[in-house]
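Examination of the molecular architecture
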Amino acid sequence: MIVLFVISGFLWIVAFGWLLRYYIRKRAEQKEPLWNRQQRMWQSIFASRRQHLMAYWALSMGVFTVFAVGLCRPDFTDANMIGTATGGYQLYIDSRVPVQYDLNNQEVRHKLNIDALPDDTRFLHFMRHSADEASCLNLNKVEIPTVLGIELSEMCSFGLTEIKPSDLPAVYIDEEALIWSMMKSPGDTILYTNGQGQQTSVLIAGSYPTGIFHGNAIMSDDDFRRLWPEESGIEVLLVKTSKPAETAELLSIAMNEYGLLIQTTEERIRMFFEVTDTYLLIFLTLGGLGLLLGIFSLIIIVRKNLSAQQSAIQQYLALGFSRNTLTAMLLHENLIVPFYAILAGGSGALISISANVTGAGIQTLCLAAFSLALLLMCVYWGIRTMVVKLLLKS
């Protein structure tokens, strides 16, 4: 689906390029008086159409790559994105020794010497059947991902809102791991070995947004206990508290015999997205180089066109045309193609990420809009400076 949107954005730019070529030819071939300024402008553009179209392709593709990749980068300042990815929990705990108690029980907390936890502290418990690492940290194709057992209603805050009934034991896998690491889709089955050593088919009933459970399959606690009754201990815990730092310190000291590995949920999210962000940064750099190439080619073409028109400009000045009139004419002529290219590349980038535009975050979208406006202003200022310098020489 995402690939189709990227292709759609690219085809959008191609269509704009062909439309620009057609429109230049059509306007240049219109029968207008020779002194018509618009006609003279389009004939001048048509005369150097190859250079203008070359600038269009370089500039639009550079803008498309930079903005499409930039808008796909995760925005960790977006509260909605972090909230869905973490479910509102602050700590992720991996226990080397299975915990056999409900840590939400006050008597259990007193027994484990953790009754000093803040009153609003809440634990979410997961059983775990260890299998293959299916996150982006593993570059190999994965057939059997690790399974976490939980009451599925608890997963609503993580984006798993649609629970489908099934005759087979069912799992839900995060979208990125399902598509890229496992190359499967909902409706496929996975073969697991149950506690009796028998092969059992497990249905992939659906997916959920990628978050702190990236690379794990989520299964209902009832199905989990039927398949692996001997693995009913708690190995993964999530903690929601108003004082995460103090809570993590108390748990690490009081439950040190369990070998707790404690990290904040935001750190875990950043760890998973670091690999993706590295690849995006590479493409962003290449897109930036393409954008610079487009800008440099635009500067060369504009300077070349202005130099070729020096004699015509001197004639216009001799005929009584004011410098302001000539500045407006030359600016209009040399700004049409770059502005068209920037808008085509920006709109194509927006189309390419429209499948996940809400994941970009409001701040990222505002920054992209500001950057696009700044680029338009810089192009306008640069071309105007070259036009003014040429008129001063004339």
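Anyway, here's the lowdown on the structure attached to this text. Every value quoted in this text rests on a predicted model; they were computed, and no experiment measured them.

In contact at an axis separation of 11 Å, helix α9 (residues 265–308) and helix α11 (residues 323–352) are set at 155° when each is read in the N-to-C sense. By the angle between their directions, the pair α9 and α11 is classed as roughly antiparallel. In this structure, α9 meets α11 at a crossing whose hand is right-handed. On α11, the residues that touch Leu-298, Val-302, Asn-305 and Leu-306 of α9 are Leu-330, Asn-334 and Pro-338. When its residues are assigned to classes, the contact of α9 with α11 shows five nonpolar, two polar and no charged.

The subject of this paragraph is the nonpolar core. Within soluble globular proteins, side chains that are nonpolar tend to cluster in buried spots. Membership of the largest hydrophobic core comes to 45 residues, with the highest contact counts inside it found for Tyr-56, Val-63, Phe-67, Leu-306, Ile-342, Val-379 and Ile-383. Here this core gets 11 residues from one element, more than from any other, and that element is α11. In this structure, Tyr-89, Tyr-172, Ile-218 and Phe-273 belong to the second largest nonpolar core, which totals 22 residues.

We now examine the packing of aromatic side chains. All told, the structure shown has 10 aromatic pairs when counted by the stated rule. Judged by centre distance (5.7 Å) and plane angle (80°), the ring pair of Tyr-192 and Trp-228 falls under edge-to-face. Of this pair, Tyr-192 sits in strand β5 (residues 189–193) while Trp-228 sits in the loop between α7 (221–227) and β8 (234–240), placing them 36 residues apart in sequence. Relative accessible area serves as the criterion here: at 1%, Tyr-192 is assigned to the buried category. The exposure class of Trp-228 is buried, given its relative accessible area of 1%. Three or more aromatic residues joined by ring pairs make a cluster, and in this case those are Trp-12, Phe-16, Tyr-56, Trp-57 and Tyr-340. In this arrangement the basic side chain of Arg-49 is found over the ring face of Phe-46, its NZ or CZ atom lying 4.1 Å from the centre. One Lys or Arg, Lys-240, reaches over the ring of Tyr-89 and ends 4.7 Å from the middle of that ring.

Here is what the cut-offs are and how they apply
- Residues numbered from 1 in each chain as written.
- Predicted model: local features only at pLDDT ≥ 70, side-chain atom pairs only at ≥ 80, totals over all residues.
- Heavy atoms only, no water.
- Axes fitted to C-alpha atoms, helices over the stretch in contact; angles between N-to-C directions.
- Helix = DSSP H or I, 4+ residues; strand = E, 2+ residues; numbered from the N terminus.
- Parallel < 35°, antiparallel > 145°, perpendicular 65-115°, else oblique.
- Left-handed = near helix turned anticlockwise from the far one by under 90°.
- Contact = heavy atoms within 4.5 Å.
- Nonpolar A, V, L, I, M, F, W, Y, C, P; charged D, E, K, R; others polar.
- Core = buried A, V, L, I, M, F, W, Y, C linked by side-chain atoms within 4.5 Å.
- Buried < 20%, exposed > 50% of the residue type's maximum accessible area, 1.4 Å probe, protein only.
- Phe/Tyr/Trp six-rings, centres within 6.5 Å; stacked < 30°, edge-to-face > 60°.
- Lys NZ or Arg CZ within 6 Å of the ring centre and 35° of its normal.

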